[in-house]
Amino acid sequence: MEHLPFFPERASSIAAEVDDLYFSWLGLSGLVLAAVAVVIVVFAVKYRAGSQADRGIPDRAAHERATHWIEIAWMAIPLAIFLAMYVWAAAVYLKHATVPADALPIYVVGKQWMWHVRHPGGRREIDELHVPVGRPVELVMTSQDVIHSFSLPAFRVKQDVLPGRYTTLWFEATRAGEYRLFCTQYCGTAHSRMIGRVVAMEPAAFARWLSGGNQAGTMAARGAARFRQLGCGGCHGPNAAVHAPRLEGLFGKPVPLRGGGTVIADEGYIRDAILLPGKDVRAGYEPTMPTFRGQIGEEDLLDIVEYLKSIGSNAPEEMR
Ligand code: HEC
Ligand SMILES: [Cu+2]
């Protein structure tokens, strides 16, 4: 397929599977289309007004028996084929939707009309995304304004990027090289210029790249500073007078909710806990946390998320 003009190369672990599925659907749909079209044309000619074609039914009973089987067959066989396609497509979709546990997190904030990319170690880039080859990467994405969509054709992945929530996208690059990055959701005047490139690098080169450039401190360290500055530790720290949950080791754990049920404390949960504290209240606590809506920008929120990810079960300095 690589040689077809206008067809993107395959550079991710899921690309071949997506292509196989895509071309199978295209082929199957083409077959159905051709079969229906041929029958329409043949019958239209054969039974056209005034034609001599035989329209009589000689032996009614025998005829009905014969057509039962034809009718059952033309329903059952396509049903079986299309259900099998559904199962296949669902399997590929689930693989695409399930982020591997060891994925490397990278944060993306879209805004009119650029992509801000941040690596946890502190390196930042604009309209470029550097990734290692052979390791799953998870993008945690949000938008500062309108709906954008992050699309990497060579990797066969794409995900809408929405204001007010996080969406994730994972992929594993399989070949070093440069690939195109598009915004595929019309997002205003300069939408067509909201493009960039992905640079997939061998792991050693990627590690070198990560430690170079303009470093702005790790996201976790910046998050810790924000956490202190906003007074979060006053309630969540070890000496707090308020009855508030400790946040060490929270990330990724199930949280029991007031009113029943549990949710996993992922990026979206932490975001909502800070901006919409009344939404999901932890069991055993009162909803006394104030909202920080309008006080924290998207980038600061992501820093705090990284900080909360970074703190294990031992109370670190910053919390006191
Ligand atoms: C006035 C006290 C107070 C302040 C200040 C405060 N919180 Fe909270 N926070 C709470 C309480 C009480 C809860 C538990 C009730 C709930 O889940 O809403 C909570 C819950 C949370 C949770 C969910 C924890 C869990 O175990 O489910 C997170 C995450 C969180 N806060 C983060 C923060 C961050 C980040 C800040 C600073 C930007 C902050 N909080 C500031 C009182 C506070
Ligand atoms: Cu856009």
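Residues numbered from 1 in each chain as written. Chains lettered and ligands numbered in written order. Predicted model: local features only at pLDDT ≥ 70, side-chain atom pairs only at ≥ 80, totals over all residues. Heavy atoms only, no water.

Trainee: Quick rundown of unusual backbone geometry? Include the residues and the values.
Mentor: In the segment running from Gln 112 into Trp 113, the intervening peptide bond is cis, with an omega of 0°. With respect to the helices, strands and loops of the structure, Trp 113 is situated in the loop between strand E1 (104-111) and strand E2 (114-118). A positive phi angle is found at Asp 127, which is not glycine, with a value near 55°. Of note, Asp 127 is situated in the loop between strand E3 (124-126) and strand E4 (128-132). Even without being glycine, Arg 156 reaches a positive phi, approximately 60°. Note on placement: Arg 156 falls in the loop between strand E6 (148-152) and strand E7 (157-161). (Helix = DSSP H or I, 4+ residues; strand = E, 2+ residues; numbered from the N terminus.)

Trainee: Report on the packing of aromatic side chains, specifying residues and quantitative values.
Mentor: For the coordinates displayed, the defined rule picks out nine aromatic pairs. On the basis of an interplanar angle of 75° and a centroid distance of 5.1 Å, the ring pair of Tyr 22 and Phe 23 is categorised as edge-to-face. Relative to Phe 82, the ring of Trp 25 lies with its centre 5.8 Å away and its plane at 40°, an arrangement referred to as tilted. Of the two residues, Trp 25 sits in helix H1 (residues 15-46) while Phe 82 sits in helix H2 (residues 60-97), which places them 57 residues apart along the sequence. Of the aromatic side chains, those joined through ring pairs into one cluster are Phe 7, Tyr 22 and Phe 23. The ring of Trp 209 is capped by Arg 123, whose NZ or CZ atom sits 4.1 Å from the centre of that ring. The aromatic ring of Tyr 166 is capped on one face by Arg 271, whose charged end is 4.8 Å from the ring centroid. (Phe/Tyr/Trp six-rings, centres within 6.5 Å; stacked < 30°, edge-to-face > 60°. Lys NZ or Arg CZ within 6 Å of the ring centre and 35° of its normal.)

Trainee: I'd love a proper account of the nonpolar core, names of residues and values included.
Mentor: Judged by nonpolar contacts, the single largest core of 30 residues is most densely connected at Leu 129, Val 131, Leu 139, Phe 150, Phe 155 and Phe 171. In this structure Phe 150 touches Val 108, Trp 115, Leu 129, Leu 139, Met 141, Val 157, Lys 158, Gln 159, Val 161, Leu 169, Leu 181 and Phe 182, once residues within four positions along its chain are discounted. Of all hydrophobic cores here, the second largest spans 27 residues; its members include Val 109, Leu 230, Leu 301 and Tyr 307. (Core = buried A, V, L, I, M, F, W, Y, C linked by side-chain atoms within 4.5 Å. Buried < 20%, exposed > 50% of the residue type's maximum accessible area, 1.4 Å probe, protein only. Contact = heavy atoms within 4.5 Å.)

Trainee: Quick one: what's the story with the coordination of the iron atom of ligand 1, residue by residue and with numbers?
Mentor: Around the iron atom of ligand 1, the protein contributes the donor atoms His 236 (NE2) and Met 289 (SD), at 1.9 to 2.1 Å from the metal centre. Each of the six donor atoms around the iron atom of ligand 1 contributes to a set of angles spanning 87 to 179°, which defines the coordination as octahedral. Taken together, the residues span a long stretch of sequence, with His 236 in helix H5 (residues 233-236) and Met 289 in the loop between helix H6 (267-275) and helix H7 (298-310) at a distance of 53 residues. (Donors = N, O, S within 2.8 Å, 3.2 Å for Na, K, Ca; no water. Tetrahedral: all angles 85-135°; square planar, octahedral: opposite > 155°, others 65-115°.)

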